[in-house]
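Here is what each chain is made of, one letter per residue.
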Amino acid sequence: MSTASRQRVIFCDFDGTITVNDNIIAIIKHFNPPGWEAIVEEILSQRISIRQGVGDLFRLLPTSRKDEVIQYGINNVRIREGFAELLAACAKLDIDFYVTSGGIDFFVYPVLEQFGIPRGHIYCNGSNFEGEQIEITWPNPCDGHCTNDCGMCKTTIMRRFPADRYERILIGDSVTDFEGAKQADLVFSRSQLTVKCQELGLPHIEFESFLPIVGYLSDERMSER
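Residues numbered from 1 in each chain as written. Predicted model: local features only at pLDDT ≥ 70, side-chain atom pairs only at ≥ 80, totals over all residues. Heavy atoms only, no water.

**Student:** Can you break down the side chain of serine 174 residue by residue, with the values?
**Tutor:** Its place among the elements puts serine 174 in the loop between β5 (166-172) and α9 (178-183). Sequence-distant contacts of serine 174, defined by excluding residues within four places in its chain, comprise Gln192 and Leu193. (Helix = DSSP H or I, 4+ residues; strand = E, 2+ residues; numbered from the N terminus. Contact = heavy atoms within 4.5 Å.)

**Student:** Lay out helix α5 (residues 66-75) in plain terms, naming residues and giving numbers.
**Tutor:** Within α5, burial applies to Val69, Ile70 and Gly73. With its buried residues spanning 95° around the axis, α5 presents them on a single face. Across from the buried face of α5, at angles greater than 90 degrees, the exposed residues are Asp67 and Asn75. Looking at the buried residues of α5, the elements they touch are α2 (23-31) and α7 (105-113). (Buried < 20%, exposed > 50% of the residue type's maximum accessible area, 1.4 Å probe, protein only. Arc of directions from axis to C-beta.)

**Student:** Could you give an account of the sheet that holds strand β3 (residues 122-128), with specific residues and numbers?
**Tutor:** A sheet is described by the order of its strands in space; here 7 strands give the open sequence β4-β3-β2-β1-β5-β6-β7, paired in mixed fashion. Bordering the open sheet on either side are β4 (135-137) and β7 (204-206), each of which pairs with just one other strand. Between one strand axis and the next, the sheet turns by 20° as a mean value, whatever way the strands run. With 4 bridges connecting them, strand β1 (residues 7-12) and strand β2 (residues 96-104) associate as parallel partners. Looking at the pairing, valine 9 lines up with aspartate 96 of β2. Contacts between helix α6 (residues 83-93) and the sheet are confined to β1, β2 and β5, with β2 contributing the most and set at about 140° to the helix. (Pairing = 2+ DSSP bridges. Axes fitted to C-alpha atoms, helices over the stretch in contact; angles between N-to-C directions.)

**Student:** Give me the lowdown on the environment of glycine 103, citing residues and values where you can.
**Tutor:** Structurally, glycine 103 is set in strand β2. Sequence-wise, glycine 103 and aspartate 15 are 88 residues apart; in three dimensions their C-alpha atoms are separated by 6.5 Å. In this structure, glycine 103 is in contact with Asp15, Ile24, Val108, Cys124 and Asn125, ignoring residues within four places of it in sequence.

**Student:** Could you give an account of the layout of surface pockets, with specific residues and numbers?
**Tutor:** Counted as a void, the largest pocket has a volume near 420 Å³. Secondary structure elements with two or more residues in the lining of the largest pocket: α1 (14-18), α2, α3 (36-44), α4 (50-59), β2 and α10 (191-200). With 3 residues, the top contributor of residues to the lining of the largest pocket is α3. Of the residues that constitute the lining of the largest pocket, the class distribution is 9 nonpolar, 7 polar and 5 charged. Computed from the structure, the second largest pocket encloses a volume of approximately 280 Å³. Along the wall of the second largest pocket there are 18 residues; nearest its centre are Gln46, Ile50, Asn148, Cys150 and Val175. Put simply, the parts of the chain that give the lining of the second largest pocket at least two residues each are α8 (154-158) and α9. Ranked by residues supplied to the lining of the second largest pocket, first place goes to α9 with 3 residues. (1 Å grid on protein atoms, 1.4 Å probe; cavity = no way out; pocket = protein on both sides within 12 Å on 5 of 7 lines; lining within 4 Å. Points joined across faces, edges and corners; volume = space filled by probe spheres on them. Nonpolar A, V, L, I, M, F, W, Y, C, P; charged D, E, K, R; others polar.)

**Student:** Now, about the pairing of strand β6 (residues 186-189): what can you tell me, with residues and values included?
**Tutor:** Neither face of β6 is exposed, since Leu186 and Phe188 on one face and Val187 and Ser189 on the opposite face are all buried. The sheet contact formed by β6 and β7 spans 3 bridges and is parallel. Directly across from phenylalanine 188, in β7, lies its bridge partner isoleucine 205. For the crossover that starts at β6, traverses α10 and ends in the parallel β7, the hand is right-handed. (Right-handed = clockwise from strand over helix to strand, strands pointing away.)

**Student:** A description of the environment of tyrosine 166 should follow, citing residues and the corresponding values.
**Tutor:** Along the chain, tyrosine 166 falls in strand β5. Using a relative accessible area of 13% as the deciding quantity, one classes tyrosine 166 as buried. In the structure, tyrosine 166 is positioned 112 residues away from valine 54 in sequence and 31 Å away in space, judged by C-alpha atoms. Leaving out residues up to four positions away in the same chain, tyrosine 166 has contacts with Arg6, Gln7, Val9, Asp96, Phe161 and Asp185.

So this is what it looks like as structure tokens:
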């Protein structure tokens, strides 16, 4: 089936993609609990799973600082240029838009609320502040086709949109996007994801602002008419 006859769907990362900064790292770095740097290195080198690493990072923070952590998480966010324009273009071009984020609900939901994205189109991790340390919860685990212990499994979500019916576009920047990029018809990449796409020979287009992506999607749709 040609791409012209399939429904376009975008799976867009949050931290370091919709946002200029990586909010999880920014939160941990700001509160600076002992031992966080070693955990981050383990995650980036893929020596431990994303689920284990993110869980371990937030377990370093006491729930007594809940309000501080939440407010810093929300207030620290800087939205990448062109994001509102991308959402407008998706609505105009009938492109389904989903946020697939390894971020945490306490900052992802409040930040995206201002853009009118339905919660049913936002996949992210949860949080629990009932114990002594912050616990991350995992409402979107790996299915039987993934054994990477992702935590928030982007490939599981993408598999709900079969390739014979959907043209799958991924927008991302880092290790959490590596496996999803292998399933996508096209990748818009930054940072570590660009390097990985080059290594694997995956079709990708580098970006810094969302505005060129808006132009690409509009031009491609116009050429199909």
